[in-house]
Amino acid sequence: KKVEQALHASEEKWRSIIANSVNGISIFSVHGLLEKSSQGMLKMFGYANEEEILGRPLDDFADTASLARIKAVVADLAQGGYVGALEGWAIRKDGTRFLAEAQVDVLHNAQGEATQIIFMTRDISEQKRSQEELRLAASVFTHAREGIMITAVDGTIIEVNDTFTEITGYTRAEAVGHNPRLLQSGRQAPAFYASMWRELRERGNWSGEIWNRRKNGEIFAELMTISAVLGPNGETAHYVALFSDISKLKEHERRLEQIAHYDA
């Protein structure tokens with residue numbers, strides 16, 4: 001009797017876990033018909049209740065290409081194989097698709113025969129979208145033709161791109177952890193920098209021309225824009241500086257001025 005009670009309690013516990021899981025837990029027969037689903041499964045696929053979904057074939061929940069991969073995996077698992085998570089396109093009740101990740105397992109009876117197929121599914125559309133946005137941002141950061149420097153609120157450099165190195169001569173390892181003061185040329189008075197930081201704190205951005213010094217000691221002109229990046233609490237978390245070398249432009253201006261005033 002105690003064994004029966006323990007089994008009943010265990011069964012109820014697992015029923016509760018399946019019913020209330022935020023992931024889409026579903027159990028199919030070996031013939032591919034839905035026998036049990038969690039609330040997470042219903043919500044994820046857009047169904048109102050379990051009665052609406054029970055008995056439906058696996059084909060109703062995945063596109064053709066994804067379904068072919070799932071069936072191949074199930075066949076392998078039925079023979080004792082193992083596979084990790086699968087990614088594919090799942091289909092909601094209204095016909096819309098979303099990118100899903102599913103962990104598949106096959107249950108066997110005492111005789112080693114496959115009896116049920118279990119899926120633990122989660123919607124990874126937002127995760128994939130975020131990953132793509134991060135990948136795009138990383139690509140822009142890496143390939144931008146402007147030098148990019150990211151600093152902490154106290155001004156400590158925490159990241160630079162390749163163009164920063166091309167312009168200044170400082171490698172990432174030489175720049176990260178230091179203050180942008182290592183680039184100062186000495187051409188601008190302390191009042192210039194005080195005004196720049198005041199404008200950054202008050203307006204959240206600053207742009208203008210600034211003279212800096214490369215690692216080899218050469219002084220060059222930059223056209224720079226600095227913007228404050230706000231954190232979740234609305235306070236400044238980082239500063240991002242974009243700059244380009246305008247030394248050639250400044251030299252061209254100097255020549256034009258020379259011609260205008262001194263060349264007969």
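Refer to the structure above for everything that follows.
Residues numbered from 1 in each chain as written. Predicted model: local features only at pLDDT ≥ 70, side-chain atom pairs only at ≥ 80, totals over all residues. Heavy atoms only, no water.

A.B. asks: Can you walk me through the environment of Glu 51 in this structure?
C.D. replies: Its location among the elements puts Glu 51 in the loop between helix H2 (39–45) and helix H3 (64–78). Expressed as a C-alpha distance, the spacing of Glu 51 and Ser 37, which sit 14 residues apart in the sequence, is 10.0 Å. (Helix = DSSP H or I, 4+ residues; strand = E, 2+ residues; numbered from the N terminus.)

A.B. asks: Looking at this model, I keep getting lost on the sheet that holds strand E3 (residues 86–91). Mind explaining?
C.D. replies: Across a sheet, strands are paired by hydrogen bonds formed along the backbone, either parallel or antiparallel in direction. Read across the open sheet, the five strands follow the order E2-E1-E5-E4-E3; overall the sheet is antiparallel. At either end of the open sheet lies a strand with only one pairing partner, and these are strand E2 (34–37) and E3. Shown here is a sheet whose adjacent strand axes are inclined to one another by a mean of 35°, direction ignored. With nine bridges connecting them, strand E4 (residues 97–108) and strand E5 (residues 114–123) associate as antiparallel partners. Residue Ala 102 lies in a different strand from E5, and its bridge partner there is Thr 121. Along the sheet, H3 contacts E3, E4 and E5; its crossing angle with E4, the most-contacted strand, is approximately 15°. Along the sheet, helix H4 (residues 125–143) contacts E3, E4 and E5; its crossing angle with E4, the most-contacted strand, is approximately 125°. (Pairing = 2+ DSSP bridges. Axes fitted to C-alpha atoms, helices over the stretch in contact; angles between N-to-C directions. Contact = heavy atoms within 4.5 Å.)

A.B. asks: What is the right way to look at the nonpolar core in this model?
C.D. replies: The tendency in soluble globular proteins is for nonpolar side chains to be buried as a group. Core analysis: the largest hydrophobic core is formed by 25 residues, its most contacted members being Phe 28, Phe 45, Ile 53, Phe 61, Ile 70, Val 104 and Phe 119. For this core, the elements supplying multiple residues, two or more each, are H2, H3, E3, E4 and E5. When near neighbours in sequence (up to four residues on either side) are disregarded, Phe 45 contacts Phe 61, Ala 90, Ile 91, Arg 92, Lys 93 and Phe 98. Counting 19 residues, the second largest nonpolar core, distinct from the first, contains Ile 157, Leu 183, Ile 210 and Phe 220. (Core = buried A, V, L, I, M, F, W, Y, C linked by side-chain atoms within 4.5 Å. Buried < 20%, exposed > 50% of the residue type's maximum accessible area, 1.4 Å probe, protein only.)

A.B. asks: It is not clear to me how the packing of aromatic side chains should be interpreted in this structure. Could you clarify?
C.D. replies: Aromatic ring pairs are described here by two measures, namely the spacing of the ring centres and the angle between the planes. Overall, the coordinates contain nine aromatic pairs when judged by the stated rule. Pairing Phe 45 with Phe 98 gives two aromatic rings, centres 5.3 Å apart and planes at 70°, and the pair type is edge-to-face. Taken together, the residues Phe 45 in helix H2 and Phe 98 in strand E4 connect sequence positions 53 residues apart. The exposure classification of Phe 45 matches that of Phe 98, with both residues buried. Sitting above the plane of the Trp 211 ring, Arg 187 keeps its charged end 4.2 Å from the centroid. Sitting over the ring of Phe 220, Arg 214 keeps its end group 4.2 Å from the ring centre. (Phe/Tyr/Trp six-rings, centres within 6.5 Å; stacked < 30°, edge-to-face > 60°. Lys NZ or Arg CZ within 6 Å of the ring centre and 35° of its normal.)

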